[in-house]
Amino acid sequence: MAVGHPDYYETLGVPRDASAEDIRKAYRKLAREYHPDVNKSPGAEDRFKEVSEAYEVLRDDEKRAQYDRPSPPPGGGFGNGGGTRTVDFDDFGDIFGDFFGRGGGRGFSRRGGDQEALLELSLEEAARGGRKKITLGDGRDYDVSIPPGVSDGQRIRLAGEGAPGMGGGPDGDLLLRVRVRPHPRFRVDGRDLYTDLPVTPSEAALGATVPVRTLDGASISVKVPPGSSSGRKLRLRGEGMPGGDLYATVTIHVPKKLSKDERKAYERLAEVSGFDPRKERR
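Residues numbered from 1 in each chain as written. Predicted model: local features only at pLDDT ≥ 70, side-chain atom pairs only at ≥ 80, totals over all residues. Heavy atoms only, no water.

Relative to the helices and strands, S228 resides in the loop between β9 (219–224) and β10 (233–236). Among the polar contacts listed, one links the side chain of S228 to the side chain of R232, at a separation of 3.3 Å. Those residues in contact with S228 that lie beyond four places of it in its chain are A204 and I252. (Helix = DSSP H or I, 4+ residues; strand = E, 2+ residues; numbered from the N terminus. Polar contact = N/O pair within 3.5 Å; in protein donor to acceptor, adjacent residues only side chain to side chain. Contact = heavy atoms within 4.5 Å.)

Spelled out as structure tokens, the structure:
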């Protein structure tokens, strides 16, 4: 062991014949324990520096062999011409990237982690945007600005509202993951909306003008062309999500119970009509 230097093996708590892996494990354990961002007790920072200096020498085969010689080399140091050892923080950052953040050895600081929370919206709220007050499970309150047309699964970032940074590093962000609740009348496909448009058999056959309710509650008259079958889509431009359209899908409905006159009318229609939709599908 070099004269005038501390016993680095004792500092790390390993035997003199310890393997490189044993030295590395001992260093990681002690550095985690005494890192100044974790341990605020008096003397922890000095102890951390001692551990780092010991590891810097013993981790390198050449420096370790030089240290183990019975007398010090000229200059009394370990490769930098002096008795004071400078820790290689690039190596330190690599070792502690998983604990203090990648590159965290420089200044021992790191950015706080991002956090995620659920932001549940109605389809109307998602379409028009605006501001919404929310309270998270930990009691934090936010007045969130929602962009018009936000979609299900999209994330809204609140900068600096995540986990706090360490050692003066910046705080992380809070990511609000949007969940748009299912709507009883509208289905979403990208920027477009789809809704069912119930019509009677006579309206489908003869054509008609019927009202369609939009997402904002307005009623718009739309023309059903004569001979419309179920599944026909009628397009209302600009009435979907921002930048999208609304499609009204024709669905033909018949009464569950027929009056006497209705039954006679349908029976007469059956007699005079030669229409067979099953033949058209062949």
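Now that the structure is up, let's keep going.
Attention now moves to the pairing of strand β4 (residues 155–158). Of the two faces of β4, the one lined by I156 and L158 is fully buried and the one lined by R155 and R157 carries no buried residue. Taken together, the four bridges between β4 and strand β5 (residues 174–180) define a ladder with antiparallel strand orientation. Bridge assignment links R157 to a residue of β5, and that residue is L175. (Buried < 20%, exposed > 50% of the residue type's maximum accessible area, 1.4 Å probe, protein only. Pairing = 2+ DSSP bridges.)

Turning our eyes to something else, we now look at the pattern of salt bridges. The full count for this structure, using the stated rule, is 19 salt bridges. In this structure, R177 and E116 form a salt bridge, with 3.2 Å as the shortest nitrogen-oxygen distance. With R177 in strand β5 and E116 in strand β1 (residues 115–121), the pair connects residues that are 61 residues apart, well separated along the chain. A relative accessible area of 34% places R177 in the partly exposed class. The class of E116 is partly exposed, set by a relative accessible area of 45%. Look at the salt bridges and you will find they share partners, linking R111, D114, R157 and D173 into a network. (Salt bridge = Lys/Arg side-chain N within 4 Å of Asp/Glu carboxyl O.)

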